[in-house]
Amino acid sequence: MENSTIIRIEKLVKKFPMGKGEFTALNGIDLTVGRGEFAGLIGPSGSGKTTLLNVVGSLDVPSSGSVTVLDHSIGELSAKEAALLRKQNLGFIFQSYNLFAVHTVYENIEFPLLLLKYGPAERKKMVLEAIEWLGLTDKIRSKPPQLSGGECQRVAIARAMVKKPSLVLADEPTANLDAANSHNILKTMEVLNRELKTTFLFATHDEKVISYLRRKIFLADGKVINDERVTS
Ligand SMILES: Nc1ncnc2c1ncn2[C@@H]1O[C@H](COP(=O)(O)OP(=O)(O)OP(=O)(O)O)[C@@H](O)[C@H]1O
Ligand SMILES: [Mg+2]
């Protein structure tokens, strides 16, 4: 695989058992994403966006075809190897924030660094940096139930970014936000993309997100029907 390729998908099919038969959620996807892209999967509800992100994120496996992420073949990884790939290289931002309600903003963002066994001094430096990126300095000791939806979303993004992952997978990251918060978060992601060279792959039907994308990959019925690069 070329150095600049971070995701390579060939003839990907994903089927789910349904009743006595099967449902084909992804029906022959061919797609390559390069390092540093700011790309999004766009398509109607049920078109397969989340399913595709889940396979790329090694949370699910292909039924057939191949998916290679950072030189790891997703279908061939053991559960342990997949967990290691996620822990070391991937950042996830989900529509529901999945924050720990009893822990502070600081502790939520620190969590991935504990898994990676960073020492205390380095953890502190990295957490404070991520808190600054996302403008959460005055909420550092707050816990998620004391935060607004937009603030929770920013904590989730800080937690995904704190370890400086190669690839961030973001499924409807602005679903619960107002326009101003959505734009702030997208601008922050753009800066992180530019400064850290983090690759972003979104799944979205939000026009605000779509307007920031530099590559728009349109899905319908589990297929890529269009793939446009924004030239500016
Ligand atoms: N575990 C599953 N078992 C059976 N069918 C599934 C499963 N997961 C997804 N599907 C089906 O696969 C199709 C694609 O689902 P997916 O969640 O990828 O859509 P999506 O594009 O993310 O939609 P949305 O915009 O609503 O989030 C849907 O028809 C869904 O019902
Ligand atoms: Mg979805």
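This text goes with the structure placed above it.
Anyway, here's the lowdown on the structure attached to this text. Bear in mind that the values here come from a model prediction, so they are computed numbers and not experimental data.

Sheet architecture is open: four strands sit in the order E2-E1-E4-E5, paired in antiparallel fashion. Every interior strand has two partners, whereas the edge strands, strand E2 (21–34) and strand E5 (72–73), have only one. Bridging between strand E1 (residues 5–18) and E2 involves eleven bridges; their strand directions are antiparallel. When the sheet's bridge partners are listed, Phe16 is paired in E2 with Phe23. Contacts from helix H1 (residues 49–56) reach E1, E2 and strand E4 (64–69) within the one sheet, and its direction differs from that of E1 by about 120 degrees.

Our focus in this paragraph is the site of ligand 1. Neighbouring residues of ligand 1: Phe16, Phe23, Ala25, Pro44, Ser45, Gly46, Ser47, Gly48, Lys49, Thr50, Thr51 and His205. Contact distances for ligand 1 include 2.7 Å between an oxygen atom and a side-chain N or O atom of Lys49. Here ligand 1, which alone exposes 640 Å², has 62% of that area covered by the protein. Looking at the shell around ligand 1 element by element, the count peaks at three residues for H1. Looking at the shell around ligand 1 residue by residue, the classes come out as four nonpolar, seven polar and one charged.

Take a nonpolar patch on the surface next. Where nonpolar side chains cluster on the molecular surface, the patch consists of Phe100, Phe111, Leu114 and Leu115 and spans about 320 Å² of accessible area. Tracing the backbone through its elements, the reader meets Leu115 in helix H3 (residues 105–115). A residue is classified by how much of its surface remains accessible, and Leu115, at 39% relative accessible area, is partly exposed.

Contact geometry for H3 and helix H5 (residues 149–161): axes closest at 7 Å, N-to-C directions at 30 degrees. Judged by the angle between their axes, H3 and H5 are roughly parallel. Our pair here, H3 against H5, has a crossing hand that is right-handed. Contacts between H3 and H5 involve Val105, Asn108, Ile109 and Pro112 from the former and Val155, Ala158 and Arg159 from the latter. Among the residues forming the contact of H3 with H5, the class breakdown is five nonpolar, one polar and one charged.

Here is what the cut-offs are and how they apply
- Residues numbered from 1 in each chain as written.
- Chains lettered and ligands numbered in written order.
- Predicted model: local features only at pLDDT ≥ 70, side-chain atom pairs only at ≥ 80, totals over all residues.
- Heavy atoms only, no water.
- Pairing = 2+ DSSP bridges.
- Helix = DSSP H or I, 4+ residues; strand = E, 2+ residues; numbered from the N terminus.
- Contact = heavy atoms within 4.5 Å.
- Axes fitted to C-alpha atoms, helices over the stretch in contact; angles between N-to-C directions.
- Near = heavy atom within 4 Å.
- Polar contact = N/O pair within 3.5 Å; in protein donor to acceptor, adjacent residues only side chain to side chain.
- Areas by Shrake-Rupley, 256 points an atom, 1.4 Å probe, with all protein chains shown as cover.
- Nonpolar A, V, L, I, M, F, W, Y, C, P; charged D, E, K, R; others polar.
- Patch = residues over 30% accessible without salt bridge, like charges linked within 9 Å, V, L, I, M, F, W, Y side chains within 5 Å.
- Salt bridge = Lys/Arg side-chain N within 4 Å of Asp/Glu carboxyl O.
- Buried < 20%, exposed > 50% of the residue type's maximum accessible area, 1.4 Å probe, protein only.
- Parallel < 35°, antiparallel > 145°, perpendicular 65-115°, else oblique.
- Left-handed = near helix turned anticlockwise from the far one by under 90°.

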